[in-house]
Amino acid sequence: MARRIEHHTTSPHSAEAVFGAMVDESYLRDRLAEIGGNNAELVTYSSGGGKTTYQLKQGVPAEHLPSLVKSVLGGDLVIHRTEAWTEAGHTGTVEVTIHGVPGRLDGTFTLTGNGSGSKLTLQGQVKVSIPLMGGKLEGLVAEQVIELLDKESEFTAEWLANRG
């Protein structure tokens, strides 16, 4: 059974400014360098016609993982994340897989105005197909995604503040 996830982050910057950062190649490289973890890289990037798609690889060292996750992985956590953003409506999709784990996160992003700032909403689901442990791992993945989105939101606000 999949675990639903819904999470909101806010920014003092406009939806247009945040969207501009989210689809900027230099921003993505800077974000990965700052909070991407082990061997982080921008694997692919393409932009044109109002649509931007990219794939990221991020890593978490085994010593920073809960024991349950370590027992399943047997090493570091390697995350593959693909996002596709559309300028019209400031919406995006995300697909996340974890190397060595039969599961994934699928979701949609919506970026809207929020007073003088903006709000980014992720709605999705986490599914891990491991008998007896899947539900617990889904919860752990959901927690880690929320933590990562909060860090990325903070990074984005600072990145934009330093450029304007």
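In this report, we go over the structure that sits alongside the text. All figures in this text were calculated on a predicted structure; none of them were measured in a lab.

Considering the environment of I130
- Summarising the element assignment, I130 is placed in the loop between β7 (117-128) and α4 (134-161).
- For the pair formed by I130 and G103, sequence separation is 27 residues and the distance between their alpha carbons is 8.3 Å.

Here we look at helix α1 (residues 15-22)
- Buried residues of α1: A15, V18, F19, A21 and M22, and no others. The buried residues of α1 occupy one face: seen down the axis, they fall within an arc of 160°.

Observations regarding the sheet that holds strand β6 (residues 103-114)
- Taken together, 7 strands build an open sheet; the order of strands is β1-β7-β6-β5-β4-β3-β2 and the sheet is antiparallel. Because the sheet does not close on itself, it has two edges, and the strands there are β1 (3-11) and β2 (41-48). Neighbour to neighbour, the strand axes of the sheet diverge by 15° on average, direction disregarded.
- Where strand β5 (residues 91-98) lies against β6, 7 bridges are found, and the strand directions are antiparallel. Across the sheet, V96 pairs through a bridge with L105, a residue of β6.
- Here α1 sits on the sheet and contacts β1, β3 (51-60), β4 (77-86), β6 and β7; the angle it forms with β6, its principal contact strand, is near 145°.

Quick notes on the side chain of S118
- Position of S118 relative to the elements: it lies in strand β7.
- Overall, S118 belongs to the buried group, its relative accessible area being 1%.
- There is a polar contact of 2.8 Å between the side chain of S118 and the backbone oxygen of H13.
- Leave out the neighbours within four places in its chain, and S118 touches T9, T10, S11, H13, S14, A15, V18, L111, T112 and G113.

Rules and cut-offs
- Residues numbered from 1 in each chain as written.
- Predicted model: local features only at pLDDT ≥ 70, side-chain atom pairs only at ≥ 80, totals over all residues.
- Heavy atoms only, no water.
- Helix = DSSP H or I, 4+ residues; strand = E, 2+ residues; numbered from the N terminus.
- Buried < 20%, exposed > 50% of the residue type's maximum accessible area, 1.4 Å probe, protein only.
- Arc of directions from axis to C-beta.
- Pairing = 2+ DSSP bridges.
- Axes fitted to C-alpha atoms, helices over the stretch in contact; angles between N-to-C directions.
- Contact = heavy atoms within 4.5 Å.
- Polar contact = N/O pair within 3.5 Å; in protein donor to acceptor, adjacent residues only side chain to side chain.

Taken by themselves, the reported measurements are silent on function.
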